[in-house]
Amino acid sequence: MATAVRPGEDEKGRKGRRSRARARADALADSAVTIPIAETVPVAPAVPQPSESPVAAAVRARRERKQAAAVAAAALAPRVARAAAEEVEREPEAAEPEPFHDLLGQAIGLRLDAVTREFDTGDMKVAALREVSLEIGPGEFVAVIGPSGCGKTTLLSMMGGLDQPTTGQVYAAGVALDQLSDEALADYRLQRVSTIFQTFNLVPGMSAEENVILPLTLAGVEPEERRSRARRLLELVGLEGRSRMRASRLSGGEQQKVAVARALANRPGLVLADEPTGSLDSVAGERVLNLLRDLNRRGATVVLVTHDPEVARHAQRAVRMVCRTRCSPLRACTGATRSDSVC
Ligand SMILES: Nc1ncnc2c1ncn2[C@@H]1O[C@H](COP(=O)(O)OP(=O)(O)OP(=O)(O)O)[C@@H](O)[C@H]1O
Ligand SMILES: [Mg+2]
């Protein structure tokens, strides 16, 4: 590399300046490959000017690289800003303690179109539901109230895919349940819906913990995860001290709590609760209702069946089923319980 001769400068000084200039040029060359955006931001290459000295060319090259770096920085800036904004948006989720964050699946909306369910008992037909139409949006908390025998449990069975209408259609998440394959329907029942049965339906010979673990086993959850999840759910309903006890030895209220814990095992998007506080004292009942409300607040659709208007007040909307004792049009009335339920 040539350097200009300065007046009074000796050979040693010139050599020193030359080597410093070489080092600067090398550094500039190195910096060219460290600009990350160089490939994506087109920058005109440094074209040597005909009359330009090598030093002037190096200085111009440095200026052009600086400009390229500035263009690159400008191009990167929105991405960096966006990334920072995403960080800010995600931050509260990570920071907030979220005890239920993994308890729920995607909320499910329901629609019942003119659903009729008749039971043929041999000597007569009982219409448990007659032309019931009802819509429940995803994430809603709806209470279904009505007198005994008017078809509330039958209605929940339709919603949960446990029973099918005699006529009419039930849609869950926009899909007609009678159109699902057996496998898809089983998946819906097991993975997406949880029913807290009025009669608990626990396996009497199994412990509380084993009852909660059962749906997790059916869903193929790993053994370690099953146990820790079951314990956590039993804690949530206040039964941590009873987890090893057989269901048959538990009191009615304790069995109801196990039924609640089991219903939440597979992260339901729809919780169907059939009189979930019927066997509980007011404190335990309040705890279960708060749990349902909390689940709903975090996204699950909840349908709560109750006789009790006070319990129904926990919901956002109440649907009243009207019972008119009426005989099946096909059979004479014998005085047995019949109902014609209208929402
Ligand atoms: N499997 C069945 N066979 C015959 N009749 C049935 C069957 N299931 C329900 N029913 C009848 O359908 C009607 C509605 O029953 P359902 O259990 O849905 O009422 P409910 O509103 O839940 O009552 P409760 O408040 O007492 O629990 C009742 O008259 C009942 O006898
Ligand atoms: Mg019932």
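Because the structure is predicted, anything quoted here is derived from the model rather than measured. (Residues numbered from 1 in each chain as written. Chains lettered and ligands numbered in written order. Predicted model: local features only at pLDDT ≥ 70, side-chain atom pairs only at ≥ 80, totals over all residues.)

All right, on to the environment of P215 then. Relative to the helices and strands, P215 resides in helix α5 (residues 208–218). Classification of P215 by C-beta neighbours within 10 Å gives buried; the count is 21. The spacing of P215 and L190 is 25 residues in sequence and 7.1 Å in space, taken between C-alpha atoms. Ignoring any residue separated from it by four or fewer positions in sequence, one finds P215 in contact with L190, R262, A265 and N266. (Helix = DSSP H or I, 4+ residues; strand = E, 2+ residues; numbered from the N terminus. Buried ≥ 20, exposed ≤ 12 C-beta atoms within 10 Å, placed from the backbone. Contact = placed C-beta atoms within 7 Å.)

The next point concerns the confidence of the model for the protein. Mean pLDDT over the protein: 74, with 64% of residues reaching 70 or higher. Scored below 50 in pLDDT, residues 25–50 makes 27 contacts in the model with residues more than four places away or belonging to other chains. Across residues 326–343, confidence stays below pLDDT 50; counting only partners more than four residues off in sequence or on other chains, it has 48 contacts. (pLDDT = per-residue confidence, 0-100.)

With that settled, consider the packing of α5 against helix α7 (residues 252–263). In contact at an axis separation of 8 Å, α5 and α7 are set at 30° when each is read in the N-to-C sense. Overall, the two elements α5 and α7 adopt an arrangement that is roughly parallel. Relative to α7, α5 is oriented so that their crossing is right-handed. Side by side, α5 and α7 meet where A208, N211, V212 and P215 of the first sit next to V258, A261 and R262 of the second. (Axes fitted to C-alpha atoms, helices over the stretch in contact; angles between N-to-C directions. Parallel < 35°, antiparallel > 145°, perpendicular 65-115°, else oblique. Left-handed = near helix turned anticlockwise from the far one by under 90°.)

Summarising the element assignment, G252 is placed in helix α7. For the pair formed by G252 and T199, sequence separation is 53 residues and the distance between their alpha carbons is 9.5 Å.

On to the site of ligand 1. Around ligand 1 sit 14 residues in total, of which F119, A128, S148, T153 and T154 are the nearest. Split by residue class, the shell around ligand 1 holds four nonpolar, nine polar and one charged. (Near = placed C-beta within 6 Å. Nonpolar A, V, L, I, M, F, W, Y, C, P; charged D, E, K, R; others polar.)

This next bit is on helix α8 (residues 282–297). Taking 1.5 Å as the rise per residue, α8 with 16 residues should run 22 Å; its terminal C-alpha atoms sit 22 Å apart, in good agreement. V288, L289, L291, L292, L295 and N296 are the residues of α8 that are buried. Each buried residue of α8 sits inside an arc of 150° when the element is viewed along its axis, so together they form one side. Within α8, the exposed residues directed more than 90 degrees away from the buried face are S282, V283, N290 and R297. At its buried positions, α8 is contacted by β3 (141–145), α6 (223–236), α7, β7 (270–274), β8 (301–306) and α9 (309–312). Once α8 finishes, G299 follows within two positions and takes phi at roughly 125°, a positive value. (Expected span 1.5 Å × (residues − 1). Arc of directions from axis to C-beta.)

This part takes up the pairing of β3. The buried fraction of β3 amounts to four of the five residues, a majority that puts the element mostly inside the structure. Strand direction decides the pairing type here: β3 and β8, joined by five bridges, are parallel. Note that in β8 the partner of V144 across the bridge is V305. Here β3 runs beside strand β9 (residues 317–320); their pairing, made up of four bridges, is parallel. Paired with V144 across the two strands is V319, which belongs to β9. (Pairing = 2+ DSSP bridges.)

Ordered in space as β2-β1-β4-β5, the four strands form an open sheet in which the pairing is antiparallel. Only two strands of the sheet have a single neighbouring strand rather than two, namely β2 (125–136) and β5 (175–176). In this sheet, β5 lies alongside strand β4 (residues 167–172) in antiparallel orientation, the contact comprising two bridges. Each residue of the ladder has a partner; that of Y171, found in β5, is A176. Seen against the sheet, helix α3 (residues 152–159) touches β1 (110–120), β2 and β4 and runs at an angle of roughly 120° to β1.

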